[in-house]
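Below are the chains, spelled out letter by letter.
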Amino acid sequence: MVRYALEQIGVKYTFGIPGVHNTEIYDELNKSELIRPILVTHEAGAAFMAEALSRTSDNIGTILIVPAAGVTHAASGIGEAFLDGIPMLVISGGIRTDSDKTYQLHEVDQHALLAPITKKTYKVETHEQIVPAIFEAFKIATEGEPGPVFVEVPVNLQLFPGEIPEPEPHVRESQETELDHAAIQHAAEKLYAADKPGLFVGWGAVDASEETIRIAEFLNAPVATTLQGLSAFPANHPLHTGMSFGKASVPASENAFKHCDCMLAVATRFAEIATGSYGVKPPQELIHIDINKNVFNANYPATVTIEGDSRAVLKALYKALVALGDPKNDKGSLKSAIKKDKAAYYDEWFKHDSKDRVNPARFFVELRKQLDDDAIVVADDGNHTFLTAELMPIHSARGFISPTDFNCMGYATPAVTAAKLVNPDKQVVGIIGDGAFLMTCMETLTASSLETGGVYFIFNDGELSQISQAQEIPYNRKTCSVLHEAKFRGVAEATGCEFISIEGDAACEEGIQKALAFAAQNKPVIVDVKIDYSKRTRFTKGIVKTNLERFTIGNKARFVGRALLRKVTG
Ligand SMILES: Cc1ncc(C[n+]2csc(CCOP(=O)(O)OP(=O)(O)O)c2C)c(N)n1
Ligand SMILES: [Mg+2]
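The following paragraphs examine the structure supplied in this document. Just so we're clear, the structure is a prediction, and the values are computed from it rather than from any experiment.

1. With respect to the coordination of the magnesium ion (ligand 2)
Around a metal, the idealised angle for a tetrahedral arrangement of four donor atoms is 109.5 degrees; for an octahedral arrangement of six donor atoms it is 90 or 180 degrees. Donor atoms from the polypeptide that bind the magnesium ion (ligand 2) are Asp434 (OD), Asp461 (OD) and Glu463 (O), placed at 2.1 Å. Read in sequence order, the donor residues for the magnesium ion (ligand 2) give the motif D-x26-D-x1-E. Residue Asp434 is located in helix α16 (residues 434-440), and its partner Glu463 is located in the loop between β16 (455-460) and α18 (465-475); the two are separated by 29 residues in the primary sequence. Each member of the pair, Asp434 as well as Glu463, is classed as buried.

2. Things to note about the packing of helix α15 (residues 412-422) against helix α17 (residues 443-450)
The N-to-C vectors of α15 and α17 enclose an angle of 20 degrees; their axes lie 8 Å apart at closest approach. One way to sum up the angle between α15 and α17 is to call them roughly parallel. Viewed along their axes, α15 and α17 form a crossing whose handedness is left-handed. Each of Thr413, Pro414, Thr417 and Leu421 in α15 lies in contact with α17, whose residues at this interface are Glu443, Thr444, Thr446, Ala447 and Leu450. Grouping the constituent residues of the contact of α15 with α17 by class yields four nonpolar, four polar and one charged.

3. Considering the packing of aromatic side chains
This model, assessed by the stated rule, comprises 17 aromatic pairs. Consider the rings of Phe363 and Phe459, whose centres lie 5.3 Å apart with planes at 85 degrees: the pair is edge-to-face. Of this pair, Phe363 sits in helix α13 (residues 360-370) while Phe459 sits in strand β16; the two residues are 96 residues apart in sequence, bridging distant segments of the chain. Phe459 carries the same exposure label as Phe363, and that label is buried. On the numbers, 5.6 Å between centres and 75 degrees between planes, the contact of Phe437 with Phe488 is edge-to-face. A residue pair is termed long-range when its members are at least 10 positions apart, and Phe437 in helix α16 and Phe488 in helix α19 (residues 488-495) qualify at 51 residues. Just as Phe437 is buried, Phe488 falls in that class too. Taking the ring centre of Trp203 as reference, the NZ or CZ of Arg55 above it sits at 5.2 Å.

4. Regarding the sheet that holds strand β6 (residues 148-154)
Strand order in the open sheet formed by six strands is β2-β1-β3-β4-β6-β5, and the pairing between neighbours is parallel. Pairing within the sheet leaves two strands with one partner each, and these edge strands are β2 (36-39) and β5 (120-123). Here the average twist between neighbouring strands, direction ignored, is 20 degrees. Sheet topology note: the strand β1 (residues 13-16)/strand β3 (residues 61-65) ladder contains two bridges and is parallel. Following the sheet pairing, Phe15 is matched in β3 by Ile63.

5. Observations concerning a nonpolar patch on the surface
Taken together, the side chains of Leu548, Phe551, Val560 and Leu564 make up a nonpolar region of the molecular surface, amounting to roughly 310 Å² of accessible area. Tracing the backbone shows Phe551 in the loop between α21 (538-550) and α22 (553-569).

6. A word on helix α12 (residues 334-351)
Taking 1.5 Å as the rise per residue, α12 with 18 residues should run 26 Å; its terminal C-alpha atoms sit 26 Å apart, in good agreement. For α12, the set of buried residues is Leu334, Ile338, Asp341, Tyr345, Tyr346 and Trp349. Each buried residue of α12 lies within a common arc of 130 degrees when the element is viewed along its axis, so the set occupies one face. Among the exposed residues of α12, those oriented more than 90 degrees off its buried face are Lys339, Lys340 and Lys351. Of the surrounding secondary structure, the elements contacted by the buried residues of α12 are β9 (240-243), α10 (251-256), α13, α14 (383-391) and α21.

7. Digging into the pattern of salt bridges
Here the structure, examined in full by the defined rule, presents 26 salt bridges. Note that Lys139 and Glu173 form a salt bridge whose closest N and O atoms lie 3.8 Å from each other. Of this pair, Lys139 sits in helix α6 (residues 127-142) while Glu173 sits in the loop between α7 (155-159) and α8 (181-193), placing them 34 residues apart in sequence. A salt bridge links Lys530 to Asp528; the shortest N-O distance between them is 3.1 Å.

8. Observations regarding the site of ligand 1
As a matter of local geometry, ligand 1 sits amid 19 residues, with Asn383, His384, Asp434, Ala436 and Tyr533 nearest to it. Here Asn383 contributes a backbone N or O atom positioned 2.8 Å from an oxygen atom of ligand 1. Relative to its unbound accessible area of 590 Å², ligand 1 is 79% covered by the protein chains. Secondary-structure elements contributing two or more residues to the shell around ligand 1 are α14, α16 and α18.

9. Re the nonpolar core
What tends to happen in soluble globular proteins is that the nonpolar side chains get buried as a cluster. Core analysis: the biggest nonpolar cluster contains 52 residues, and Phe15, Ile63, Ile78, Val378, Phe437 and Ile526 have the highest contact counts within it. Of all the elements, helix α3 (residues 43-56) adds the most residues to this core, at eight residues. The next biggest cluster of nonpolar side chains, apart from the first, holds 51 residues, and it includes Leu191, Ala224, Ile289 and Ala316.

10. Things to note about the environment of Leu391
With respect to the helices, strands and loops of the structure, Leu391 is situated in helix α14. In sequence terms Leu391 and Arg269 are 122 residues apart; their C-alpha atoms lie 24 Å from each other. For Leu391, the residues in contact, after removing those within four places along its chain, are Tyr345, Tyr346, Trp349, Pro360, Ala361 and Phe364.

11. Quick word on the packing of α3 against helix α4 (residues 69-84)
Between α3 and α4, the least distance of the axes is 6 Å, while the angle of their chain directions is 25 degrees. Taken together, the axes of α3 and α4 are roughly parallel relative to one another. α3 and α4 meet at a crossing whose hand is right-handed. Counting all contacts with α3, which are made through Glu43, Ala44, Ala47, Phe48, Glu51 and Arg55, the residues of α4 involved are Gly70, His73, Ala74, Ser76, Gly77, Ile78, Glu80, Ala81 and Asp84.

12. Quick word on α3
Side chains of residues three or four places apart in an α-helix project in the same direction, reflecting 3.6 residues per turn. An ideal rise of 1.5 Å per residue puts 20 Å on 14 residues; α3 measures up with 20 Å between its terminal C-alpha atoms. Across the 14 residues that make up α3, a large majority, 14, are buried.

13. Quick notes on the side chain of Gln104
With respect to the helices, strands and loops of the structure, Gln104 is situated in the loop between β4 (88-94) and α5 (110-114). Within the local environment of Gln104, its side chain forms a polar contact with the backbone nitrogen of Arg96, the two atoms lying 3.0 Å apart.

Cut-offs and rules
Residues numbered from 1 in each chain as written. Chains lettered and ligands numbered in written order. Predicted model: local features only at pLDDT ≥ 70, side-chain atom pairs only at ≥ 80, totals over all residues. Heavy atoms only, no water. Donors = N, O, S within 2.8 Å, 3.2 Å for Na, K, Ca; no water. Helix = DSSP H or I, 4+ residues; strand = E, 2+ residues; numbered from the N terminus. Buried < 20%, exposed > 50% of the residue type's maximum accessible area, 1.4 Å probe, protein only. Axes fitted to C-alpha atoms, helices over the stretch in contact; angles between N-to-C directions. Parallel < 35°, antiparallel > 145°, perpendicular 65-115°, else oblique. Left-handed = near helix turned anticlockwise from the far one by under 90°. Contact = heavy atoms within 4.5 Å. Nonpolar A, V, L, I, M, F, W, Y, C, P; charged D, E, K, R; others polar. Phe/Tyr/Trp six-rings, centres within 6.5 Å; stacked < 30°, edge-to-face > 60°. Lys NZ or Arg CZ within 6 Å of the ring centre and 35° of its normal. Pairing = 2+ DSSP bridges. Patch = residues over 30% accessible without salt bridge, like charges linked within 9 Å, V, L, I, M, F, W, Y side chains within 5 Å. Areas by Shrake-Rupley, 256 points an atom, 1.4 Å probe, with all protein chains shown as cover. Salt bridge = Lys/Arg side-chain N within 4 Å of Asp/Glu carboxyl O. Expected span 1.5 Å × (residues − 1). Arc of directions from axis to C-beta. Near = heavy atom within 4 Å. Polar contact = N/O pair within 3.5 Å; in protein donor to acceptor, adjacent residues only side chain to side chain. Core = buried A, V, L, I, M, F, W, Y, C linked by side-chain atoms within 4.5 Å.

Encoded structure:
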């Protein structure tokens, strides 16, 4: 029944580890011609892989795990999918429900464990419930704002037969909703009347780039993205400015949005990262489109809210705009100002002396040069994420993924493995902090077993930098954020990956070339990049400033006082 249901909804891979409560399901999947069950090294990796699969393909990421211990291991990736709005099916075995014994192996309330990080959980009680539960789980996982859904299948239902009627085939329901045409007309009029309109787009608009481009061009409006939505608007478009706007954003964004008088925000929740710790100030005229109405007015008040799928709403909005008159022209030379600001930001980085280490801007310029437009870049969570956001232009929709609102380190290594598995014809590269790599690096073994050629660029700075940088000024010490040196060549040897070391700027071109060449032969490659982190990102500088400004005078004095004291006393 489980195999039938998963095949019906089009699942091609499951990720996980077998145990006594799910081997019957594994045995069934082994017989399937449509589904390949994939063995991982840790269930956190399985969940991150499923999450990345959902983000980079039109399929749903599915994990098949043991109860309790598998569930808690996988919780990191399930939580990421939940807070980032990514569909996922979580299937686990369950303890026997036909036994009068307690203290069974793996006996905990899994539903209570998963309730806060799933859209819904199901515990099936009869054979007959299995197929409908999985179909419903799929529907809930993919409708509205997507997310993970959990289904527990007790092991006795797997072990022993039962009589049930022939199950129905799966029919995918249409998710079209009525559009609020009055609100769309209202939004069009406000945007058209604005002097300096601007667009801010998130992950939910990732499949609406075409519509977003049309509107941006019609209005001659700058486009900023969230971190998660980095690929929702092509960075090589002349109206693209960068991640976020305001003081935690790159100069192109900060300047282009400085006098913005009407903002069209699409599929963003104005969450902490995207707003630079809520340091942005959207204009009073804020038009907010989202599929989840709970995000409206949550952090910033909106003048017009439009609930719905971003693509459908943007299509209608463009139509309404065109009916209002001619496209706006670039009289203020917005595009040339963006271009100039972007070039100046790179220059600022090039001028920074990285000594004998790799200058992040040099690395990313070289990487961009060598990657195809449709390549997929996967970042983990840390300083490297914001360097990627600021210095690596992403050219295609779904061409960038990273753990965002759950913000879970360890995401990128398994995510590269899965993204490459389901996109064998695209280049897939990870930008992975050394600390994050240490958490899940064994999923490069999974890549070896699958013969997938992902590239794992480790930004090796020896620290948990996003944290150690924040510790530097207030504490003048880096408690627990300096890593013990790891020899990543050894990881490559252990997992059967190729290994390349990039020690300075001069080695970038050849190192990247070699890595992509190995990858093209389906060999996973670990690249140890001796990166220089001595220059801060705009994001880090911006959020530090914003957070300090928000402190009360008393707390500000306490923090600044301690920092000064520690500077003197060491
Ligand atoms: C699971 C988890 N643990 C801890 C953190 C807190 N944290 C956020 S960024 C960061 C540093 C990451 O270090 P590294 O992977 O080396 O990346 P870098 O910042 O050095 O680029 C830490 C510890 C987190 N986000 N997730
Ligand atoms: Mg690091």
